[in-house]
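Fold and geometry: a report
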Amino acid sequence: MELSTSGADDIRMNSRMPTGNLATPNHLPFDNLEYPSHLDGQLELFPHWHFPAKLAGGMSIVVFVYTLLRDIIYPYMTENKNVFYKIPILVMNKVLPVVAIILLALVYLPGILAAIFQLYFGTKYRRFPQWLARWMLARKQLGLLSFFYAVLHAFFSLCYPMRRSYRYKLLNWAYQQVKENKENAWIEDDVWRMEIYVSLGILGLALLSVLAATSVPSVKNSLNWREFQCIQSKMGYCALLLCTLHALVYAWRKWVELKYFIWYTPPTFIIAVFLPVIVLLCKSIFLFPCLAKRLGRIRRGWEWKSKYKMDPALSTNAMEDKSTTKGLMHAVGDQQ
């Protein structure tokens, strides 16, 4: 969901200004071959990635510790099972999809909050809070990090059959089937569950790939605003929906089985889908005609409340430009 803010408009207007060889803090007037080494301190290292990277790293650590306690420490303490071999692949592959889908939900959550803000004040000319404006400017980085985690999740999943532990387990399963004199170990529910959630995961990753490709400046510049908004908003929500369904189908009947609630804690897939479900529900509410029409009128410039009753400190430059124009017209009339 792309929502216009005065801060974002200022950034877009400033980005259209020709800079030439202006010496800005991150763009100094030197080529790579003649760049002086003593100016390294004047350049920031990925300034727009600081908050998204810290957020993704923090969530990864929290989910890793949570999964480690449930899947590794719990069986070791209660059953004296040594399953620490699961950490490199299985535990990591539980962390990656959880962080990926939460980051993807965080890409579209500020759009929901901005829509609520615009509906509450009845205008698009009121500045968003500083924290919301910064959050909206970080959506690109959050989306790319979500795509990165999703790709890693796909690679880790493909490595499952290559693990030595999986081969040993496969042999044990075959031996148990022979020992129990079973000719067919087919489980219909489990087969359908895996077929569906793998298919949904592939489709979700494909849409995320399209979203990531359109974030490349050369591709983005080749699209007009309507095309870019259609891809990033509509296709983005479709990707979030597919990823959420992917997690829900993976859970299948595990929601009601008490054995998955270890130490009275919910499984990781419940934590993973909590925020995406909220975002999708809010988006569905905004699709109702009574809200969609009102929000569309506000974004086209219609104002529900009088703009002169707004807080001057939070008003946009459009108000200042209008008052300046009126002052110039009065000045011209006085001169005549």
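If you're wondering where the values come from, they're calculated on a predicted model, not measured in any experiment.

The relative placement of two packed helices is expressed as an angle between their axes plus a distance between the axes. Where helix 3 (residues 87–121) meets helix 11 (residues 289–299), the axes come as close as 10 Å, and the angle between the chain directions of the two elements is 80°. When the axis of helix 3 is compared with that of helix 11, the two are roughly perpendicular. Of helix 11, the residues touching helix 3 (which contributes Ala115, Gln118 and Leu119) are Leu291, Arg294, Leu295, Ile298 and Arg299. The residue inventory of the contact of helix 3 with helix 11, partitioned by class, reads five nonpolar, one polar and two charged.

A word on helix 9 (residues 225–251). An α-helix turns once per 3.6 residues; consequently, residues spaced three or four apart project the same way. Along its 27 residues, helix 9 runs 38 Å from first to last C-alpha, staying within 8% of the 39 Å computed at 1.5 Å per residue. Between the side-chain oxygen at the start of helix 9 and the backbone nitrogen of Arg226 there is a gap of 3.2 Å, and the oxygen is on Asn224.

A complete count under the given rule lists 13 aromatic pairs for this structure. When the centroid spacing of 6.4 Å and the interplanar angle of 40° are considered together, the rings of Trp131 and Trp135 count as tilted. You can see Trp131 and its partner Trp135 sitting in helix 4 (residues 130–137), four residues apart, about one turn around the helix. Among the residues examined, Trp131 registers a relative accessible area of 52% and is labelled exposed. What makes Trp135 buried here is its relative accessible area of 16%. The interplanar angle of 85° and the centroid separation of 6.4 Å between the aromatic rings of Tyr166 and Trp173 together place this pair among those described as edge-to-face. Here the aromatic residues Phe117, Tyr120, Phe121 and Phe128 are joined through ring pairs into a cluster of three or more. The lysine or arginine in question, Arg126, covers the ring of Phe121, its NZ or CZ lying 4.1 Å from the ring centre.

What follows covers unusual backbone geometry. Positive phi is not limited to glycine here, since Trp263 has a value of about 55°. Along the chain, the position of Trp263 falls in the loop between helix 9 and helix 10 (268–286). Judged by relative accessible area, which is 41%, Trp263 ranks as partly exposed. Of note in this structure, Tyr264 is not a glycine but carries a positive phi near 60°. On the secondary structure map, Tyr264 appears in the loop between helix 9 and helix 10.

Reading the values: rules and limits
Residues numbered from 1 in each chain as written. Predicted model: local features only at pLDDT ≥ 70, side-chain atom pairs only at ≥ 80, totals over all residues. Heavy atoms only, no water. Axes fitted to C-alpha atoms, helices over the stretch in contact; angles between N-to-C directions. Helix = DSSP H or I, 4+ residues; strand = E, 2+ residues; numbered from the N terminus. Parallel < 35°, antiparallel > 145°, perpendicular 65-115°, else oblique. Contact = heavy atoms within 4.5 Å. Nonpolar A, V, L, I, M, F, W, Y, C, P; charged D, E, K, R; others polar. Expected span 1.5 Å × (residues − 1). Polar contact = N/O pair within 3.5 Å; in protein donor to acceptor, adjacent residues only side chain to side chain. Phe/Tyr/Trp six-rings, centres within 6.5 Å; stacked < 30°, edge-to-face > 60°. Buried < 20%, exposed > 50% of the residue type's maximum accessible area, 1.4 Å probe, protein only. Lys NZ or Arg CZ within 6 Å of the ring centre and 35° of its normal.

Keep in mind these values describe shape, not function.
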